[in-house]
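Here is what each chain is made of, one letter per residue.
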Amino acid sequence: MSTTGQIIRCKAAVAWEAGKPLVMEEVEVAPPQKHEVRIKILFTSLCHTDVYFWEAKGQTPLFPRIFGHEAGGIVESVGEGVTDLQPGDHVLPIFTGECGDCPDCHSEESTMCDLLRINTERGGMIHDGESRFSINGKPIHHFLGTSTFSEYTVVHSGQVAKINPDAPLDKVCIVSCGLSTGLGATLNVAKPKKGQGVAIFGLGAVGLAAAEGARIAGASRIIGVDLNSQRFDQAKEFGVTEFVNPRDHDKPVQQVIAEMTNGGVDRSVECTGSVQAMIQAFECVHDGWGVAVLVGVPSKDDAFKTHPMNFLNERTLKGTFFGNYKPKTDIPGVVEKYMNKELELEKFITHTVPFSEIKKAFDYMLKGESIRCIITMGA
């Protein structure tokens, strides 16, 4: 492309201060360096993680910054040493990576790449620690190595999944974070068998994706647990068959579920980050074979306790990161599930806005009105 090796000037939504509205700015995007890729972003979506760090809750604030990490785009140019991607490839940038060289990447069990695992405090690129974004010479920090609220971005090649060029980027862009996290938690970690019962704690985007995984796996009962009863009707579209609001009961919700299911559900997936929900999810599974999977991210100093007999009675507690998907190896296959009509994505997309109106996406999420809002770049 004619822009290869040159600085690109484009629009980006810049967060100058914590919690303040993003400002549409013209930024300079430097060419990709060693093991980096510059991507033209066509569609991005807003994830709760973007909002959390924009509000600067629970971590060292790093501003000015370009947020965004769920997106789809086309490779514009590649840096030195990049051999598996080329200009024109359709890709999903991903907040975590797969370097292909470390022990975790060589392991069939781990998805926790030593080099490229999630780092919320890094504001530059791994190669040299420098930002590829600037305004009038002032560096603008990256976010999660992706920064997709920009018409062009630079990403480490290990964080870029090459996908089927026929896949609609305005749909499959949501595969690059929350959807895969919830879907994989069920399909790859909980692994319910056909006909089994699954409880999903938290019916936000990740929890609904976990429910979608249970539906795909052929679960006979999918019990949704949430403190917001208004979410229940929507959750039916994702295969949820029964609902429990802990506030409607005067006994622990794990006891409620055990009574509903003759001793406990076969599998549970916790998607809230609440330690109370984590205990409930573990203690509601059936002894002998029950498996509980933790997905939600707790607060820094959180801890929970449960009686050791819960383990000795052959209940299993597991955790997962990004649904146990390796970004480059496995995410193209998730896209193919959609292309083969095994996975439904449209029902996760509740709103669409042009890039110039990105503030609306934040408003929808903060009001709890959206599952995913697609932001169309260049509009």
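Residues numbered from 1 in each chain as written. Predicted model: local features only at pLDDT ≥ 70, side-chain atom pairs only at ≥ 80, totals over all residues. Heavy atoms only, no water.

Under an unreviewed UniProt entry, the protein has the name alcohol dehydrogenase and belongs to Arabidopsis halleri subsp. gemmifera. What the UniProt record of the protein gives under Subunit (unreviewed entry) is the line "Homodimer." Quoted verbatim from the Cofactor (unreviewed entry) field of UniProt, the annotation for the protein is "Zn(2+)". (UniProt positions renumbered as here; feature names shortened; annotations may be inferred.)

Draft legend 1. Local environment of the domain arrangement of the protein. Each assigned domain of the protein is listed with its residue range as follows: domain 1 (8–174 + 345–376) and domain 2 (181–320). A C-alpha centroid distance of 30 Å is found between domain 1 and domain 2. At the interface, five residues of domain 1 touch eight residues of domain 2. When residues of domain 1 are sorted by the area they lose upon contact with domain 2, K347, F348 and I371 head the list and together hold 83% of the total. (Domains from an automatic or database assignment. Contact = heavy atoms within 4.5 Å. Buried area = accessible area lost by both parts, 1.4 Å probe.)

Draft legend 2. Broad picture of the nonpolar core. F149, V172, V175, L179 and I331 are the most contacted members of the largest nonpolar core, which has 96 residues in total. The dominant element in this core, judged by the number of residues it contributes, is helix α5 (residues 205–217), at six residues. A domain split of this core shows at least three residues from each of domain 1 (8–174 + 345–376) and domain 2 (181–320). Beyond its immediate chain neighbours, meaning those up to four positions away, V175 contacts L92, S180, F322, I331, V334, V335 and L345. Listed in part, the 15 residues of the second largest apolar core include F201, V256, V265 and C284. (Core = buried A, V, L, I, M, F, W, Y, C linked by side-chain atoms within 4.5 Å. Buried < 20%, exposed > 50% of the residue type's maximum accessible area, 1.4 Å probe, protein only. Helix = DSSP H or I, 4+ residues; strand = E, 2+ residues; numbered from the N terminus.)

Draft legend 3. Structural context of the environment of K360. Tracing the backbone shows K360 in helix α11 (residues 358–366). Overall, the relative accessible area of 38% leaves K360 in the partly exposed class. Sequence separation between K360 and C373 is 13 residues; the distance between their C-alpha atoms is 9.0 Å.

Draft legend 4. Structural context of the sheet that holds strand β10 (residues 197–201). Taking strand neighbours across the sheet as the criterion, the six strands line up as β12-β11-β10-β13-β14-β15 in an open arrangement whose pairing is parallel. Only two strands of the sheet have a single neighbouring strand rather than two, namely β12 (242–244) and β15 (316–319). Pairs of neighbouring strands in the sheet enclose a mean axial angle of 20 degrees, with direction left out of account. In this sheet, β12 lies alongside strand β11 (residues 221–225) in parallel orientation, the contact comprising three bridges. Note on β12: the bridge partner recorded for G224 is F243. Sheet strands touched by α5: β10, β11 and β13 (267–270). Its angle to β10, the strand with the most contacts, is close to 170 degrees. (Pairing = 2+ DSSP bridges. Axes fitted to C-alpha atoms, helices over the stretch in contact; angles between N-to-C directions.)

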